[in-house]
2 protein chains.
Amino acid sequence: MMRRGILTVVSGFSGAGKGTMMKRLLEKYDSYALSVSATTRLPREGEQEGREYFFKTTEAFLEMIENEELVEYARYVDNFYGTPKAYVEQQLADGKDVILEIEIQGARKIKEKIPDAVLLFIAPPSMQELKRRLLGRGTETEEIIQARLERAQKESVGMEDYDYLIINDDLDVCVEDVHHIIRGEHRRTERNREFIKQIQGELKGE
Amino acid sequence: MMRRGILTVVSGFSGAGKGTMMKRLLEKYDSYALSVSATTRLPREGEQEGREYFFKTTEAFLEMIENEELVEYARYVDNFYGTPKAYVEQQLADGKDVILEIEIQGARKIKEKIPDAVLLFIAPPSMQELKRRLLGRGTETEEIIQARLERAQKESVGMEDYDYLIINDDLDVCVEDVHHIIRGEHRRTERNREFIKQIQGELKGE
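Residues numbered from 1 in each chain as written. Chains lettered and ligands numbered in written order. Predicted model: local features only at pLDDT ≥ 70, side-chain atom pairs only at ≥ 80, totals over all residues. Heavy atoms only, no water.

- Identification of chain A as Guanylate kinase from Suipraeoptans intestinalis is taken from an unreviewed UniProt entry.
- Regarding chain A, the UniProt comment filed under Function (unreviewed entry) reads as follows: "Essential for recycling GMP and indirectly, cGMP." (UniProt positions renumbered as here; feature names shortened; annotations may be inferred.)

Dropping the structure here:
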């Protein structure tokens, strides 16, 4: 029985260590795939089409929006970034659990369009730690620090919209937490309706 | 930070291997405790007060019902069996994840009284396997087989009320599934409201 993958959206305060955590998760278990975004920005040295990004012209990107080929998209400065539906769908159909790192607005859009997506929020273990990370190494300007605090405050309001909260204390424990959550999610009743119906049907037929 | 335990209710078709699975889970991880039932039946040889059961006189048991000291109870033949609230509460407060093996009616009562309990249903991997287990080794009477099929059919109707479905194929995989589910549940947003409020509050105070 080929089981369908689960789309997991990962967000968190900047500096929460999401990137490192996901890298470790993918190194450790081969059941995961990272979602690859489409973008209109130019490839940087060493970046490969379909690995870091799907590189698109603005025209092609706008066409993807038009054709509803993106689960969500956003514009940063002069470039578009978006999540191609077809790529995610293919990975899920192949049984891969797809990890999508995205900020809170994008996460909400994903949950609207794909209600069975799992939303994880990565938080630091304590306020002291959060402040330490937000303040940086004392080399930031007052302005940057203020902007980070404001951003963290806005993001923290949305924490309740997430399904799970991961506290990033020990990297390895966190990676295991994410893995356990997704493995557990596969066993949720609502993801196994077909199996349940089959057993119920066959018992009724007795 | 002492984290509160989670009450997990485990049900499943008879012969699904619940007992073996829970025994293995408790041997492997020390974060779990089995719920100990109160009963009016007499202790059998080797049974210890507070280990297999809390042994009660009928009078004492009826008093526990009266005083609402039981999360649920039922009568089988001439004896009462019930789940003492105080024992479960104490274990949860001590941070233990409490496992309670119980049939479907009892599971529903628990969920009503303790909505944050997690309900697991253990199912066999296939209908063939279920039938094999229900039919026994060919030594059962037609009557017993019929009763088992009817019981399994009734139980299967309630499968949808459970939060998770464990498919008992490989014992060790199942034990890990249960462990992952409960570990994941600890990270659910609704179980971490206090932590979230604290972070939100402190960020707001900035």
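## Considerations on the interface of chain B and chain A
Next, step 1: The partner chain A presents 43 residues to the 43 residues of chain B that form the contact.
Next, step 2: Each partner contributes to the roughly 4,000 Å² buried at the junction of chain B and chain A, and carbon and sulfur atoms together form 60% of this total.
Next, step 3: Considering only the side of chain B, the residues that lose the most area to chain A are B:M127, B:R187 and B:L203, jointly responsible for 17% of the buried surface there.
Next, step 4: There are six salt bridges connecting chain B and chain A. (Contact = heavy atoms within 4.5 Å. Buried area = accessible area lost by both parts, 1.4 Å probe. Salt bridge = Lys/Arg side-chain N within 4 Å of Asp/Glu carboxyl O.)

## Quick look at the pattern of salt bridges
Next, step 1: Within this structure, the stated rule accounts for 32 salt bridges over all chains.
Next, step 2: Two residues, A:E176 and A:K28, come together in a salt bridge whose shortest N-O distance is 2.8 Å. Taken together, the residues span a long stretch of sequence, with A:E176 in helix α7 (residues 171–186) and A:K28 in helix α1 (residues 18–28) at a distance of 148 residues.
Next, step 3: Connected via shared salt-bridge partners are A:D116, A:E185, A:R188, A:E190, A:R191, B:D116, B:E185, B:R188, B:E190 and B:R191. (Helix = DSSP H or I, 4+ residues; strand = E, 2+ residues; numbered from the N terminus.)

## Observations concerning the pairing of strand β1 (residues 7–12) of chain B
Residue and element names in this part refer to chain B.
Next, step 1: Across the six residues that make up β1, a large majority, six, are buried.
Next, step 2: Burial along β1 is two-sided: the residues L7, V9 and S11 and T8, V10 and G12 are all buried.
Next, step 3: Relative to strand β8 (residues 118–123), β1 runs parallel, the two sharing five bridges. Paired with G12 across the bridge in β8 is I122. (Buried < 20%, exposed > 50% of the residue type's maximum accessible area, 1.4 Å probe, protein only. Pairing = 2+ DSSP bridges.)

## Some words on the packing of helix α8 (residues 193–204) of chain A against helix α6 (residues 142–157) of chain B
Next, step 1: Direction vectors running N to C along α8(A) and α6(B) enclose 145 degrees, while the axes themselves pass 9 Å from each other. Seen from above, α8(A) lies across α6(B) with left-handed handedness. Residues A:Q200, A:L203 and A:K204 of α8(A) pack against B:L149, B:A152, B:Q153, B:S156 and B:V157 of α6(B).
Next, step 2: Residues of the contact of α8(A) with α6(B), tallied by class, amount to four nonpolar, three polar and one charged. (Axes fitted to C-alpha atoms, helices over the stretch in contact; angles between N-to-C directions. Left-handed = near helix turned anticlockwise from the far one by under 90°. Nonpolar A, V, L, I, M, F, W, Y, C, P; charged D, E, K, R; others polar.)

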